[in-house]
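Structural overview for review
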Amino acid sequence: MIRVKNEKLSSKERRRKKKKKRIIIKTVILLVLLVILGVGLWLVYNNMNSTEDKGIPEQTTGGDEIEPSATPTPTKEAQEKPVSSDAAAIMEEAELLAMQYDYDGAMQKLMEVPDYQENSQVVAKIAEYQSTKDSCVAVKPENVTHIFYHSLVVEPEKAFDQSVPGWEGFCQWMTTVDEFNAITQQMYDNGYVLINLKDLANYTTDADGTIHFENSSPVMLPPGKKAFVMSLDDTCYYHTYDGHGIASRVVIGEDGKPTCEYIQDDGSVVTGDYDCIPLVDKFIEEHPDAAYKGARPTIALTGYNGILGYRTDGTYGDPNDDGEPLGYVRDSQQQDWLDEHPNFNWEKECQDAKAVVDVLKAEGWSFASHTWGHHKVADLSYEGLVKDTERFQKYVDPLIGGTDIIIFAHGQDLTSGGDYTADNQKFTYLKSKGYNYFCNVDSAQYFVQVRDNYVRQGRRNLDGYRLWNDVHGTTNKTSDLFDANSVLDSKRTTVPDL
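The model shown is predicted, which means the values in this text are computed figures rather than measured ones.

Let us look at the packing of aromatic side chains. Geometrically, a pair of aromatic rings is defined through the distance of the ring centres and the angle of the planes. Taken as a whole, this structure holds 21 aromatic pairs when the rule is applied. Ring centres of Y316 and W337 lie 6.1 Å apart, and the angle between their planes is 90°; on these two criteria the pair is classed as edge-to-face. Taken as a pair, Y316 in the loop between β11 (298–301) and α10 (332–340) and W337 in helix α10 lie far apart in primary sequence, 21 residues in all. On the basis of relative accessible area, Y316 is assigned to the buried category, the value being 3%. Following the ring pairs from residue to residue traces out a cluster consisting of F170, Y238, Y241, Y304 and W372. Stacked on the ring of W337, the Lys or Arg R311 has its end atom at 5.9 Å from the ring centre. Lying across the ring of F148, R459 places its NZ or CZ 3.9 Å from the centre.

Within the largest apolar cluster, 82 residues are counted, with the highest numbers of intra-cluster contacts made by Y149, L301, I307, L308, L430, F438 and F482. It is helix α11 (residues 346–363) that contributes the most residues to this core, six residues altogether. Among the nonpolar cores identified, the runner-up in size contains 40 residues, and A98, V219, V229 and I407 belong to it.

Moving on, we get to the pattern of salt bridges. This structure, assessed with the given rule, holds 23 salt bridges. Of the charged contacts, one joins K133 and D104 as a salt bridge, the two residues approaching to 2.7 Å between their closest N and O atoms. Of this pair, K133 sits in helix α5 (residues 120–135) while D104 is found in helix α4 (residues 103–110), placing the two residues 29 residues apart along the sequence. K133 sits in the partly exposed class, given a relative accessible area of 31%. Of the residues examined, D104 reaches a relative accessible area of 43% and is grouped as partly exposed. Two residues, K125 and E128, come together in a salt bridge whose shortest N-O distance is 3.3 Å. Taken together, the positions of K125 and E128, both in helix α5 and three residues apart, correspond to about one turn of that helix. You can call K125 partly exposed: its relative accessible area is 22%. Classification of E128 as partly exposed rests on a relative accessible area of 39%.

Right, let's get into unusual backbone geometry. A positive phi angle, near 55°, is found at D115, a position not held by glycine. You can see D115 is positioned in the loop between α4 and α5. Judged by relative accessible area, D115 falls into the exposed class, the value being 59%. Although it is not a glycine, H410 adopts a positive phi angle of roughly 65°.

Conventions and cut-offs
Residues numbered from 1 in each chain as written. Predicted model: local features only at pLDDT ≥ 70, side-chain atom pairs only at ≥ 80, totals over all residues. Heavy atoms only, no water. Phe/Tyr/Trp six-rings, centres within 6.5 Å; stacked < 30°, edge-to-face > 60°. Helix = DSSP H or I, 4+ residues; strand = E, 2+ residues; numbered from the N terminus. Buried < 20%, exposed > 50% of the residue type's maximum accessible area, 1.4 Å probe, protein only. Lys NZ or Arg CZ within 6 Å of the ring centre and 35° of its normal. Core = buried A, V, L, I, M, F, W, Y, C linked by side-chain atoms within 4.5 Å. Salt bridge = Lys/Arg side-chain N within 4 Å of Asp/Glu carboxyl O.

Structure, rendered in structure tokens:
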């Protein structure tokens, strides 16, 4: 009996132990699950912090140079931070530089913004400018055309009046203000970008000042843009222009910018955009991308009636100039003008002219010799060229600061073809006087010679003769630039043959 009872207790005990064991197992499982949950939450929390940390770039330190492709992403705080007025002004200056194709200058300007690397807008602009710069194409000198104008006709009814002696010349050689404006706009629309003549070719200078030219240009432009050079002939406002609907001289306006005077029929003088200089300035101001780094044309000057409408030649009053050594004496037109201006002061006239020149040069305009006497250089004797050059360097160079550019009058050149050579006496003389750039007129789309010791370029006359014949003649020589039919002034009813 006792053995049976013990067997019953043993069975009961086993059931109790099994129950206890199950409770322990459940408790352990619950604890394990809690531990796993805790670890998981901890890992999620740390992963979130780690991801947030990765959004904060490591700041770059150092000088002004920056690699735009490696520019760090701005922090969230920097992105939300408003641009200060000073930073906005700097960014505006940079944008103007970039519009004028000076991408390096634009990026350098942006680096003036304090902590520019933390400014999302600045960083984005630097990347944009770098990308545009990388896409630019080098300009080839041999593919650069050169156009030129004479003084513009303000009132065609005066300039083209066939009852007035000399009307043929105004009709042939002059362009009207409306024609000039139409050409300028169409060339801009067609992708043409003005460059300075001296940007046509790279060069190096020896210690003694000798220049060596390279057949390459420093100019880089975006694809589709085309470089061109412009020059202005005879910006002197000769006495023969009086009363023919052309400006009388260049002056500095109240805003400090160059403008032109124009004499009305009643004798009153008004100022405004009456010739190429103020019109070019105005167009570039409105279209900064019309000119490479703010380039301006080259002004080709004679000297016998002075420059820019100022009577600066010695024949008007230099007490040290008797005219005889160089064979120049005061003519009747000059004497008549002096009689009409009894209070004329030659020294002040020269000072006023130089003041205008200084403003033009500060804007980027450059100056060239057109020979002092507007001579045909091929027909001129060697002795005559020497006398003419000496006269120019005596009365014009001091006002313009000298020049190494000569633009030949009447389309003539030092040679009919081929290169300039050392046995060309006139070329050798002009080189000895410091001239390095030589331009003629050939009406060809392109004519450029870049040699070690000179740069030579042909020019295209955009005048009444060319426009009229492009519309009414058999050959159109300007179709690559503009549509002559839409440019020709309706007030131009005829142009006589040359």
